[in-house]
Amino acid sequence: MKKKNHVLVTGGAGYIGAHTVIELLNAGYEVTAIDSLERSEIRIVEGVKSITGKEFGFHKVDCLDESAMEQVFATHRFDSVIHFAAYKSVNESVEKPLLYYKNNLGSLMVLLDAMKRYQVRDLIFSSSCTVYGQPDQIPVDESAPFKKAESPYGASKQLCERILEDVATEGIRVVSLRYFNPIGAHPSGLIGELPIGVPNNLVPYVTQTAAGVRQQLTVFGNDYNTTDGSCLRDFIHVCDVASAHVNAIDFLQEQKSAKLFEAFNLGTGVGVSVLELVKKFIEVTGVNLNYKIGPRRPGDVEKVYADPKKVMNGLKWKAKYDLGQSLQHAWQWEKKIRGLV
Ligand code: NAD
Ligand code: WQD
């Protein structure tokens, strides 16, 4: 049997990182994960081990720490890297822009430097649909221009992509995956998202309201130019996001070229409104969700969903889960962490 790649996963204890480690282990890859654990917990790593029944290396490392990163690269021989480690809150980035630029750009640069020195050439980067802002055409494809970012977080992803395009000329081959709205949790109910404080994102707010942690969900605006007036998004199951990373690693391995930068939208191609999601949650869980309509949230784009043709053809990837399953899994995880099951 062909020796499988050894993959370094930064941010491997995080929401998407941990689900990706599962996919990699199940596909037979050797995995080493690093995470500062600043925004996650070691129990997620334990959860990955019990779901897969497989061992993998885990090190508590901050990607900004050059000597710790040097140690990681000096003691392993990696074939590919998946870089999840970053801060991801739009609101927090507005309050603390420097923190966001320092961590999101800094961690990437320390990583790229180590990859160059140790001649690790294949990198998958976590980008975001936020790079497009409100696109002129929907569904949005990868050729859409970047609009001025609404937040330092969005700007950090645009800047990282620019850095990666430039660094690709030095022999680092990059796939940038622009995630739309990842939701849900592992079907086992053993791992999922651990939002810090009051969630900004819709689905954790929905599940926390259903669990009684929050009193009421506010739907931010019902006067948008959409079918029911609420915003439209492309919600994608986190396991579908995760599985695309395995395809991306295989894609890079098959490439002959020494330099490459390729961006792919990672969405389902289905636009779902906030109110449709709320109704679907009530339908699939049977929970009566307390919600009201409130004013628009500043900075929200009206509608955005992916044209997924490039990822479907180029990475031979397809979403497996639908919205109902994604919401059921999110609810199962919420009940588990609240001790309701
Ligand atoms: P997450 O916060 O759950 O995971 C990120 C992990 O990285 C955390 O465990 C955190 O402790 C770790 N981390 C942060 N900075 C670090 C550093 N300097 N060194 C080491 N570890 C560090 O977030 P997530 O939802 O899993 O997101 C993963 C990536 O995907 C991020 O780059 C994020 O910007 C991007 N992304 C997320 C979404 C989303 O909605 N979840 C959408 C688009 C893009
Ligand atoms: C979705 C919709 C809200 C909460 C963000 C980032 C993006 C990406 C994904 C990282 C919007 C509405 C929300 C609530 C609501 N992350 N909503 N009540 O804003 O599409 O994208 O996460 O890269 O970069 O910007 O996701 O989940 O915050 O909001 O009505 O309590 O739900 O207004 O229309 P968003 P979200």
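Structure: above.
Residues numbered from 1 in each chain as written. Chains lettered and ligands numbered in written order. Predicted model: local features only at pLDDT ≥ 70, side-chain atom pairs only at ≥ 80, totals over all residues. Heavy atoms only, no water.

Turning to the packing of aromatic side chains, a few remarks are in order. All told, the structure shown has seven aromatic pairs when counted by the stated rule. Between Phe73 and Phe78, the aromatic rings sit 5.4 Å apart at their centres with planes inclined by 80°, giving edge-to-face as the arrangement. The class for Phe73 is buried, based on a relative accessible area of 2%. Judged by relative accessible area, Phe78 falls into the buried class, the value being 1%. Ring geometry for Phe251 and Phe264: centres 5.6 Å apart, planes at 85°, overall edge-to-face. Note that Phe251 is positioned in helix H8 (residues 238–254) and Phe264 in strand S11 (residues 260–266), a separation of 13 residues in sequence. Judged by relative accessible area, which is 13%, Phe251 ranks as buried. An aromatic cluster is defined as three or more aromatic residues linked by ring pairs; in this entry it consists of Phe73, Phe78 and Tyr118. Note that Arg39 overlies the ring of Tyr87, its terminal NZ or CZ placed 4.1 Å from the centroid. It is Lys49 that lies over the ring of Phe56; its NZ or CZ is 5.4 Å from the centre. (Phe/Tyr/Trp six-rings, centres within 6.5 Å; stacked < 30°, edge-to-face > 60°. Buried < 20%, exposed > 50% of the residue type's maximum accessible area, 1.4 Å probe, protein only. Helix = DSSP H or I, 4+ residues; strand = E, 2+ residues; numbered from the N terminus. Lys NZ or Arg CZ within 6 Å of the ring centre and 35° of its normal.)

Glancing now at the site of ligand 2. Neighbouring ligand 2 are 18 residues; Tyr153, Leu202, Thr218, Arg233 and Asp300 lie closest to it. Tyr153 has a polar side-chain atom sitting 2.5 Å from an oxygen atom of ligand 2. A distance of 2.5 Å separates an oxygen atom of ligand 2 from a polar atom in the side chain of Asp300. Of all the elements in the fold, those that place two or more residues in the shell around ligand 2 are helix H7 (202–210) and strand S8 (217–220). The element that contributes the greatest number of residues to the shell around ligand 2 is S8, accounting for four residues. Partitioned by chemical class, the residues of the shell around ligand 2 number nine nonpolar, six polar and three charged. (Near = heavy atom within 4 Å. Polar contact = N/O pair within 3.5 Å; in protein donor to acceptor, adjacent residues only side chain to side chain. Nonpolar A, V, L, I, M, F, W, Y, C, P; charged D, E, K, R; others polar.)

Okay, the sheet that holds strand S4 (residues 80–83) next. Picture the strands of a sheet paired through backbone hydrogen bonds; they go either parallel or antiparallel. In spatial order, the strands read S3-S2-S1-S4-S5-S6-S11; together these seven strands make up an open sheet with parallel pairing. Across the chains shown, the open sheet's two edge strands, defined by having one partner strand only, are strand S3 (57–60) and S11. Averaged over all neighbouring strand pairs, the angle between strand axes comes to 20°, with direction disregarded. Bridge count for S4 against strand S5 (residues 122–128) is four bridges, and the pairing is parallel. Each bridged residue has a counterpart across the sheet, and for Ile82 the counterpart in S5 is Ile124. (Pairing = 2+ DSSP bridges. Axes fitted to C-alpha atoms, helices over the stretch in contact; angles between N-to-C directions.)

The full set close to ligand 1 counts 26 residues, and Ile16, Asp35, Cys63, Asn103 and Tyr153 are the nearest of them. Residue Ser36 places a main-chain N or O atom 3.1 Å away from a nitrogen atom belonging to ligand 1. At 3.4 Å, a backbone N or O of Glu38 approaches an oxygen atom of ligand 1. For ligand 1, the accessible surface in isolation is 810 Å², of which the surrounding protein chains cover 94%. Among the elements of the structure, helix H1 (15–26), S5 and helix H6 (152–167) are those that each provide at least two residues to the shell around ligand 1. A class-by-class count of the residues in the shell around ligand 1 yields 12 nonpolar, eight polar and six charged. (Areas by Shrake-Rupley, 256 points an atom, 1.4 Å probe, with all protein chains shown as cover.)

Burial within strand S6 (residues 173–179) is extensive, with seven of its seven residues counted as buried. Burial along S6 is two-sided: Arg173, Val175, Leu177 and Tyr179 facing one way and Val174, Ser176 and Arg178 facing the other are all buried. Relative to S6, S5 runs parallel, the two sharing seven bridges. Each bridged residue has a counterpart across the sheet, and for Asp122 the counterpart in S6 is Arg173. Considered for its hand, the β-α-β crossover made up of S5, H6 and S6 is right-handed. Summarising the sheet, S6 and S11 pair through seven bridges and their orientation is parallel. Pairing of Arg173 across the sheet is with Leu260, part of S11. (Right-handed = clockwise from strand over helix to strand, strands pointing away.)

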